[in-house]
Amino acid sequence: RSRDWSLTSLGSPSTWPETLRLQLNICFESAFPIAVWWGPELIQFYNDSYRPILGATKHPQAFGRPARETWPDIWPTIGAMVEQVVHQGVAVKGEDMPLVLERNGYPELCHFTFSYSPIRTISGQIDGMFTAAVETSERVKFERRQAFQLTLADKLRGLSATDDIIATVNELLCRYFQVARAYFAEVDDTQTVFHIPMQWSDSADLPRLPERGNIADFGPYLLATLAQDRPVVVEDMRSDPHFAGFAASYEALAIRSIVIVPLIRNGRLRGNLNLAHTSARKWSVEDLAVAADVAQRMWDALERARAEEALRTSNRLKDEFLAMLAHELRNPLAPIGAAASLLEIGKLDEARVRHTSQVIGRQVRHMTSLIDDLLDVSRVTRGLV
């Protein structure tokens, strides 16, 4: 009612055909998201339930405007389907169809179940298209998140080497979040130096991250936030006030947006998990929850792997010790046996008896020391044989 329709190709509403009026009655009175695209320009009408699909950047400008002007971001995908409906009269439908929309100021992966149907006049002429759609993004994200978590658990269960664990987590995160790179950084005891043991990216052209560096080089806000067990979330490094003066350090590494999840153990920052992208990006609450969950799973897997490696090392040291002990215990037996044989003769002077006794005493003390080492398990496990 507020629009001067006489200035559009449709003309005054009093001249609109009955077919359009009927379709608009259905559209506006429905509680289901519905849009009507009418005429050669596919002028858009839609109801209140359809508005969230358009988002803040497309509504209300889209109302009464050609559909192609509103949806340039997805027209390469939906254009062929629209042509099939309005020119061939064949209805099409899609289920959980992925579309990347620019509807809230940033690219957003969305999913829709929809149908496109031709609107015909009494004579059978196609004058427009009727669209019924429902956004299934949340359900698809939930199912995708569950599948990802199951895959991650299965992959981690079969890994025992720390490098394999980190590499697997990095790759799965990159593919799930569709980011340029993912990496894990360990922090030293001084909490000033980071070490990146493994990194994974979706492109060989990206600059390689330094394996070691100072946290201070990337801004005081970084360490202060992580030390408080809070994630660092940057949607656009160029405009984030917390990294003013440090954005160049990140962009030199082709990092425009990033999420950094801290790993705190016994009140100390031990490491962080990073998701970085080459362009500005919106990070959702769900993204942060998934990243935090993965960080904990990875850290638990790393601690398990390191404990198992320590156990294997301990067992190896014990095996080496026992092999050495068997050899060393055998060595004193020869002189002791020789001394015993001499004593059996019974016709030894006092000097020879004294010397023989000293040999036996010395070898017994040596054997006693070896047996004491055997009983000192902690010395064995520390490799101090």
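Residues numbered from 1 in each chain as written. Predicted model: local features only at pLDDT ≥ 70, side-chain atom pairs only at ≥ 80, totals over all residues. Heavy atoms only, no water.

**Q** Break down empty space enclosed by the protein for me, citing the residues and quoting the values.
**A** Counted under the stated rule, the structure contains two cavities of 30 Å³ or more. Taken as a whole, the largest cavity spans an internal volume of roughly 220 Å³. Forming the walls of the largest cavity are 19 residues, and the residues nearest its centre are Tyr 183, Phe 194, Phe 218, Leu 222 and Asn 274. Where the lining of the largest cavity is concerned, the elements lending two or more residues are strand S6 (181-187), helix H7 (220-227), strand S11 (257-265) and strand S12 (268-277). For the lining of the largest cavity, the residue count by class is 17 nonpolar, two polar and no charged. Its boundaries defined by the atoms lining it, the second largest cavity holds a volume of some 160 Å³. As for the second largest cavity, its lining consists of 13 residues, of which Tyr 50, Ile 74, Leu 99, Phe 112 and Tyr 116 are closest to the centre. (1 Å grid on protein atoms, 1.4 Å probe; cavity = no way out; pocket = protein on both sides within 12 Å on 5 of 7 lines; lining within 4 Å. Points joined across faces, edges and corners; volume = space filled by probe spheres on them. Helix = DSSP H or I, 4+ residues; strand = E, 2+ residues; numbered from the N terminus. Nonpolar A, V, L, I, M, F, W, Y, C, P; charged D, E, K, R; others polar.)

**Q** Give me the environment of Ile 74: which residues, what numbers.
**A** Secondary-structure assignment places Ile 74 in the loop between helix H3 (67-70) and helix H4 (75-88). The spacing of Ile 74 and Val 86 is twelve residues in sequence and 18 Å in space, taken between C-alpha atoms.

**Q** Residue-level account of H7, with values.
**A** Looking at H7, one finds that the buried residues are Leu 222, Thr 225 and Leu 226. Within H7, the buried residues cover an arc of 95 degrees as seen down the axis, which keeps them to one side. At its buried positions, H7 is contacted by strand S10 (232-234), helix H8 (247-251), S11 and S12. Count one or two residues on from H7 and you reach Asp 229, which has phi positive near 60 degrees. (Buried < 20%, exposed > 50% of the residue type's maximum accessible area, 1.4 Å probe, protein only. Arc of directions from axis to C-beta. Contact = heavy atoms within 4.5 Å.)

**Q** Break down the layout of surface pockets for me, citing the residues and quoting the values.
**A** By volume, the largest pocket amounts to about 650 Å³. Taken together, 21 residues line the largest pocket, and the ones lying closest to its centre are Pro 107, Glu 108, Leu 109, Arg 281 and Asp 287. Secondary structure elements with two or more residues in the lining of the largest pocket: strand S4 (107-120), helix H5 (137-157), helix H6 (162-177) and helix H9 (285-330). Per-element accounting of the lining of the largest pocket gives the leading share, four residues, to S4. Of the residues contributing to the lining of the largest pocket, the split by class is nine nonpolar, five polar and seven charged. Taken as a whole, the second largest pocket spans an internal volume of roughly 430 Å³. At four residues, helix H1 (residues 18-29) tops the list of elements feeding residues into the lining of the second largest pocket. For the lining of the second largest pocket, the class distribution of residues is seven nonpolar, two polar and three charged.

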